Amino acid sequence: MTDWINIKAGSSAYQHIQEQGLSADDVGLLLGASGGPKWFVLQGLDKWMFGEFFKGKKEPLNTLGTSAGAWRFAALGQQDPVAASDLFCRLYRTQTYSSKPDRNEITSEAKDLLAKYVPDQAVTEILGQSAVRHHFIVARCRGWTAAETKKQMLGLLSSAFANSINRRWLGRFYERVIFHHPQSDLSFSKGWRDLPTHHVELTQNNFQQALLATGSIPLVLDGVVDIPGAPTGTYRDGGVTDYHFDLDFSEVNGLVLYPHFHREAIPGWFDKRLSWRRTTGKKWPNVVFISPSDDFIQSLPYGKIPDRTDFAKLDAATRIDYWEKAVDAGKRMADQLQDWVATGKLREKTQLWLP
């Protein structure tokens, strides 16, 4: 039988799975990365996790997301998280633009999608429950990176160059801001000192703006200015600082479950082409990392996972059909993981994540 997923686990997570398997109560943190429409292949896993796997979990589930990851997790805490997840997937998948959309058009489309997916009532539901504690990472811009003029490009180039020398130098251009559920104790993130980091409580007044900001890609969407309750300034995509994460999760109470669309974890947005800068199992001993197998990827139309370039390369009808097929294919990943968890086969299928 074809393996549609790969699973690797850090040393302590691997040992836990070998001895006890995997249950919802083992998981203390759920991770969701930036990556635009790449997440479509994870939609099946999301629906299974949101509707079945985490149902009845005894302790609160913490989530940490940037950009598309944070948007995915905004379904959790709503009255019907599976229906909300389906709605987000459909709205995102069927987006259409003019032949040459500008920043204003793309920003307007994002705001419209947000209003339909997470209306005021949904925010009230999310903040009024305690079973799921959301955390969104947003990048607060410093200097020219805050501009909406040509200076922004100069700021991006400068920050990319600084980051290539030393990732910590990225902190001269961006601050990490973690918007969090009011009942979060923030215990797993208090030790993060790699970049300037602030914590801001999510409220009815800032939830939607924070969610919009974490997906506001530089040069593509407008930044979000002066989010209520947060330090003044311009806020952009959380993937700038934390694209696929390279953070210390040793303070998480439990395992870290990370369904991902890529075989590697790339720390920040500017690290995509820095092949030597990748997260390893040595740094993430308690992480369970789930990703599509090569066979799964090859089974997709065009032999690749959807990405933002599809907007330019494909006409709308072709793109929407392709993305729908990618979502449908992702159900195979979910069915396989569900089977492995239920039967205990997860033990033999999980590989030790060696540094």
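Residues numbered from 1 in each chain as written. Predicted model: local features only at pLDDT ≥ 70, side-chain atom pairs only at ≥ 80, totals over all residues. Heavy atoms only, no water.

Labelled according to an unreviewed UniProt entry, the protein chain appears under the name Alpha/beta hydrolase, originating from Idiomarina ramblicola.

1. Looking at the environment of Phe270
Convention followed: Under the DSSP-based scheme used, a helix requires at least four consecutive residues in state H or I and a strand at least two consecutive residues in state E, with every element numbered from the N terminus. Note on classification: 1.4 Å probe, protein chains only; a residue is buried when its accessible area is under 20% of the maximum for its type, exposed when over 50%, partly exposed between these limits. We call two residues contacting when some pair of their heavy atoms lies within 4.5 Å.
Note on placement: Phe270 falls in the loop between β10 (255-259) and β11 (287-292). Taking relative accessible area as the criterion, Phe270 reaches 16% and is therefore assigned buried. For the pair Phe270 and Val240, spaced 30 residues apart in sequence, the C-alpha separation works out to 7.0 Å. What Phe270 contacts, discounting residues up to four positions off in sequence, is Leu156, Ser159, Ala160, Asn163, Leu170, Tyr174 and Val240.

2. Things to note about the layout of surface pockets
To locate leftover empty space, one rolls a probe as large as a water molecule over the atoms. Short version of the rule: Buriedness for pockets is judged along seven lines, at least five of which must meet protein on both sides within 12 Å for an open set on the 1 Å grid over protein atoms alone, while cavities are sets there where a 1.4 Å probe fits but cannot get out, and lining residues have an atom within 4 Å of a point. Grid points are joined across faces, edges and corners, and a volume is the space filled by probe spheres set on the points.
Of the voids in this model, the largest pocket is the one considered here, and its volume is about 1,100 Å³. Examining the composition of the lining of the largest pocket, we find that three residues originate from one element, helix α5 (residues 103-117), more than from any other.

3. Topic: empty space enclosed by the protein
Condition: Ten residues, namely Ala, Val, Leu, Ile, Met, Phe, Trp, Tyr, Cys and Pro, are considered nonpolar, four, namely Asp, Glu, Lys and Arg, are considered charged, and the remaining ones, Gly among them, are considered polar.
Taken as a whole, this structure holds one cavity of 30 Å³ or more when the rule is applied. In this structure, the largest cavity spans a volume of roughly 40 Å³. Along the walls of the largest cavity sit Leu22, Leu45, Trp48, Met49, Phe53, Leu257, Pro259, Ile290, Leu337 and Val341, which together make up its complete lining. Of all the secondary structure elements, the ones that give two or more residues to the lining of the largest cavity are α2 (43-53), β10 and α11 (316-343). It is α2 that contributes the most residues to the lining of the largest cavity, four residues altogether. Here the lining of the largest cavity is built from residues that sort into ten nonpolar, no polar and no charged.

4. Section: the pattern of salt bridges
What counts is decided by this rule: Criterion for a salt bridge: a side-chain nitrogen of Lys or Arg within 4 Å of a carboxyl oxygen of Asp or Glu.
Under the criterion given, the structure shown has 21 salt bridges. Across the salt bridge formed by Glu148 and Arg236, the nearest N and O atoms sit 3.3 Å from each other. Residue Glu148 is found in the loop between β5 (135-141) and α7 (151-165), and its partner Arg236 is found in strand β9 (residues 234-236); the two are separated by 88 residues along the sequence. A salt bridge links Arg167 to Asp271; its shortest N-O distance comes to 3.7 Å. Of the two residues, Arg167 is situated in the loop between α7 and β6 (174-180) and Asp271 in the loop between β10 and β11; the sequence distance between them amounts to 104 residues. Each member of the pair, Arg167 as well as Asp271, is classed as buried. What you see here is one network of salt bridges that share partners, running through Arg167, Arg176, Asp194, Asp242, Asp271 and Arg277.

5. Focus: the packing of helix α4 (residues 81-93) against α5
Cut-off, in case you're wondering: Angles run from 0 to 180 degrees between N-to-C directions of axes, and those axes are lines fitted to C-alpha atoms, restricted for helices to the stretch in contact. Each angle gets one of four labels, with under 35 degrees taken as roughly parallel, over 145 as roughly antiparallel, 65 to 115 as roughly perpendicular, and the rest as oblique. Handedness of a crossing is defined here by the sense of rotation of the near helix relative to the far one, left-handed for an anticlockwise turn of less than a right angle and right-handed for a clockwise turn.
Where α4 meets α5, the axes come as close as 10 Å, and the angle between the chain directions of the two elements is 160 degrees. Here α5 runs roughly antiparallel to α4, going by the angle between their axes. Crossing hand, α4 versus α5: right-handed. Touching Ala84, Leu87, Phe88, Leu91 and Tyr92 of α4 are Leu113, Lys116 and Tyr117, all from α5. Residues belonging to the contact of α4 with α5 are distributed by class as follows: seven nonpolar, no polar and one charged.

6. Overview of the packing of aromatic side chains
Our working definition: Stacked, tilted and edge-to-face are the three classes applied to pairs of Phe, Tyr and Trp rings, where Trp contributes its six-membered ring and a pair requires centres within 6.5 Å; stacked means planes under 30 degrees apart, edge-to-face means over 60, and tilted covers the rest. Only when the NZ of Lys or the CZ of Arg is both within 6 Å of the ring centre and within 35 degrees of the ring normal is a charge said to sit over the ring.
For the structure on display, the rule yields 28 aromatic pairs. Cluster of aromatic residues (ring-pair linked, three or more members): Trp39, Phe40, Trp71, Phe88, Tyr92, Tyr97, Tyr117, Phe311 and Trp323. It is Arg172 that lies over the ring of Trp169; its NZ or CZ is 4.6 Å from the centre. Above the ring of Trp323, the side-chain terminus of Arg319 is found at 4.8 Å from the ring centroid.

7. Comments concerning the side chain of His260
To keep things clear, this is the line we draw: Think of a polar contact as two N or O atoms within 3.5 Å of one another; within protein, one of them needs to be a possible hydrogen donor and the other a possible acceptor, and neighboring residues in sequence only count if both atoms come from side chains.
With respect to the secondary-structure elements, His260 resides in the loop between β10 and β11. Among the polar contacts listed, one links the side chain of His260 to the backbone oxygen of Glu264, at a separation of 3.3 Å. Among all residues touching His260, those that are not within four sequence positions of it are Ala33, Leu42, His244, Phe289, Ile290, Ser291 and Pro292.

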